Amino acid sequence: MAAPAPMPPESTLSCLPWRALEDQIAAWDRLALRASEPNPFFESWYLLPSLRHLPDTGKVMVLLFEQAGELAGLLPVVSAPRYYRWPVPNLASWLHENCFCGVPLIARGAERDFWRAVLDWADDRAGQALFLHLRAMPVDGPIQAALAATISGEARQTEIVLREDRALLASDLSADAYLETSLSSKKRKELRRQASRLAEQGAVAAERRSDTEGLPEWCERFLALEASGWKGKAGSALANHAGTAALFRESLEGAAARGRLERLSLTLGGRPIAMLASFLTPPGAYSFKTAFDERYSRFSPGVLLQRENLDILERGDIEWSDSCAAADHPMIDHLWRERRTMARLSIAIGGPLRRRLFRSFVRAELVRNPAGGGR
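About the criteria used
Residues numbered from 1 in each chain as written. Predicted model: local features only at pLDDT ≥ 70, side-chain atom pairs only at ≥ 80, totals over all residues. Heavy atoms only, no water. Helix = DSSP H or I, 4+ residues; strand = E, 2+ residues; numbered from the N terminus. Buried < 20%, exposed > 50% of the residue type's maximum accessible area, 1.4 Å probe, protein only. Contact = heavy atoms within 4.5 Å. Areas by Shrake-Rupley, 256 points an atom, 1.4 Å probe, with all protein chains shown as cover. Expected span 1.5 Å × (residues − 1). Arc of directions from axis to C-beta. Axes fitted to C-alpha atoms, helices over the stretch in contact; angles between N-to-C directions. Parallel < 35°, antiparallel > 145°, perpendicular 65-115°, else oblique. Left-handed = near helix turned anticlockwise from the far one by under 90°. Nonpolar A, V, L, I, M, F, W, Y, C, P; charged D, E, K, R; others polar. Core = buried A, V, L, I, M, F, W, Y, C linked by side-chain atoms within 4.5 Å. Salt bridge = Lys/Arg side-chain N within 4 Å of Asp/Glu carboxyl O. Pairing = 2+ DSSP bridges.

Engineer: Could you give an account of the overall build of the protein chain, with specific residues and numbers?
Structural biologist: For the protein chain, the count of helices and strands is 12 helices and 13 strands. Going through the 375 residues of the protein chain one by one, you find that 52% of them count as buried. Sequence-distant contacts, at least 24 apart, represent 77% of the contacts inside the protein chain between residues at least 6 apart. Element-wise, carbon and sulfur atoms account for 52% of the exposed surface of the protein chain, whose accessible area totals about 16,800 Å².

Here it is, written out as C-alpha cells:
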C-alpha cells in the first residue's frame, strides 16, 4: 500500500488556542471569500462571538492551515473526554447548538492538502483519543469528496455514524413557479385566504434589508418576538441566555458589515409579526433564525414569511439556501422540496492497536445505529 503523499513543503498546520485568531481576522475573512465550500458558522464574525460568549470554550483549539504564507484552512477542535453518552475520548470538531454546519473553511484547491495535514496531526497527537469525529458535515460537496480521496488507499477506517436530511431550497424556478410545484392548489388557496384575513387586521408589508441601518433595533425586536413564544417558555429562546443573545447581536452586526446578512420581516401595522435572519455565503445562503408572533398563528405568519423568502431564488449570486432546520420539520419540509444530507463522521487515527480498538467500537455503534440512520 502506498504511503500517504507528504504535504507540500510550503504548507504548515498549527493547533492554537482560539484567542490566537483575534489578530488574524483580515486573513480569516480572505479565506472565507475563497473557501471551496461556504460555512458562515466558522467565519470570523460568527465563530469569535460564539467562543467569547458561550460557556465552556476555554479548551477549544483551532487548526490553522497555511500555504505559501496565506491562511488556507481553519477548523475549531476540542479534545473530548466523552463521545455523547459513552466515556470514550476523541478528537472532535467543535460546534454548539446554534452552529448548523461543521465543514471546515478551506481555500479552493487546498482541500486534499488540508486533510492530509489534519490526519497527520491527529495521528501524531491523538493522546488518549480513540478517533477523530467530525460533525454536521455535508456529504455532497468538494470538501467531503477531498476527504474521501485523501483517505482512499489508506488502512484508515471512516464511517458515517449519523446522517440527517434537512430542507434545502435549490431551483431555477421563479418564486411563484416554485410555490406552485411545492404546494397543492388547496394549500395555495388556503395560504391566499390566510393572507387576505391577515390584511383585514391592518396593513401588511414585507421588508427585506441587507444593510446595517436599524440593525440594533431589528435585533431587539427579533429577540423579544422569539422569547414571547414557546421557545421563551421552554427556556430555549436566544434571549433566555445572555451569551446566546450577545452572539445573535454581534454575529448579525459582523455579517451585515461584510454584506453577508439579509433581514426579512413581515409586518402588520408597522409591527413585525414574523422575522428571518439569513446569512449570505455565495453560492449558498443559510436561514439562520426565524421567529413569529404566535398570537397570529391562525394566519400562518411564518409560512407567509417563507413565501416572501422564496425571492432569494431571484438573486444571481445564490444557488441554494440551507434551512438549518431539524430533519422532518413540520413547516419548512412541506415548502422546500430539496434536501441536504448532513453527517457525523468518525475516522480512525493513530497506530494499528488504536485502529483495531476503533474498528470494534464503531462496529458496535453501527449495530445499534444501522447505516447512520439516527441516534
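Engineer: Give a detailed account of helix H6 (residues 185-199), specifying residues and quantitative values.
Structural biologist: Counted at 1.5 Å a residue, the expected span for H6 with its 15 residues is 21 Å, and the 21 Å between its end C-alpha atoms agrees. Looking only at H6, the buried set comprises Arg188, Leu191, Gln194 and Leu198. Viewed end-on, H6 has its buried residues packed into an arc of 120°, placing them on one side of the element. In H6, those exposed residues whose orientation departs by more than 90 degrees from the buried face are Ser185, Lys186 and Lys189.

Engineer: Go over the packing of helix H3 (residues 111-124) against helix H4 (residues 142-151) with me, naming the residues and quoting the values.
Structural biologist: A packed helix pair is summarised by two numbers, namely the angle formed by the two axes and the spacing between the axes. For the pair H3 and H4, interaxial distance at closest approach is 9 Å and the crossing angle is 60°. Taken together, the axes of H3 and H4 are oblique relative to one another. Between H3 and H4 the crossing geometry is right-handed. Here Glu111, Arg112, Trp115, Arg116 and Leu119 of H3 come into contact with H4, specifically with Ile143, Ala146, Leu147, Ala149, Thr150 and Ile151. Of the residues belonging to the contact of H3 with H4, the class tally is 7 nonpolar, 1 polar and 3 charged.

Engineer: Let's hear about the nonpolar core: which residues, and what values?
Structural biologist: Counting 82 residues, the largest nonpolar core has Phe41, Trp115, Leu134, Phe248, Leu252 and Phe279 as the members making the most contacts within it. Beyond its immediate sequence surroundings of up to four residues, Leu134 is in contact with Leu75, Ser93, Trp115, Leu147, Ala343, Arg344, Leu345 and Ile347. Counting 28 residues, the second-largest nonpolar core is a separate cluster that includes Leu183, Leu276, Leu335 and Trp336.

Engineer: With reference to specific residues and values, describe the pattern of salt bridges.
Structural biologist: The full count for this structure, using the stated rule, is 29 salt bridges. Across the salt bridge formed by Asp322 and Arg166, the nearest N and O atoms sit 2.8 Å from each other. In this pair, Asp322 sits in strand S12 (residues 320-322) while Arg166 sits in strand S7 (residues 158-169), placing the two residues 156 residues apart along the sequence. Close ionic contact of Asp322 with Arg340 constitutes a salt bridge, the shortest N to O distance being 2.8 Å. Of this pair, Asp322 sits in strand S12 while Arg340 sits in strand S13 (residues 338-348), and the two are 18 residues apart along the sequence. For the pair Asp322 and Arg340, a shared accessibility class is recorded, and that class is buried. What you see here is one network of salt bridges that share partners, running through Arg116, Asp120, Asp123, Glu154, Arg156 and Arg355.

Engineer: An account of the pairing of S7 is needed here, citing residue identities and associated values.
Structural biologist: Note that S7 and S13 share 10 bridges and pair antiparallel. Among the inter-strand pairings, Ile160 is bridged to a residue of S13, identified as Leu345. Pairing between S7 and S12: 2 bridges, direction antiparallel. Looking across to S12, one finds that Leu169 is bridged to Ser321.

Engineer: Can you tell me about the packing of helix H2 (residues 44-53) against helix H9 (residues 242-257), naming the residues and giving the values?
Structural biologist: Axis separation between H2 and H9 bottoms out at 9 Å; the angle between their running directions is 160°. Taken together, the axes of H2 and H9 are roughly antiparallel relative to one another. As for the relative orientation of H2 and H9, their crossing is right-handed in sense. Residues Trp45, Tyr46, Pro49, Ser50, Arg52 and His53 of H2 form the contact with H9, whose participating residues are Gly243, Ala246, Leu247, Glu250, Ser251, Gly254 and Ala255.

Engineer: Requested: an account of the environment of Leu335, with residues and values cited.
Structural biologist: In this fold, Leu335 is placed in helix H11 (residues 332-335). With 154 residues separating them along the chain, Leu335 and Thr181 place their C-alpha atoms 9.3 Å apart. In contact with Leu335, not counting residues within four places along its chain, are Tyr178, Leu179, Ser182, Leu183, Gln306 and Arg307.

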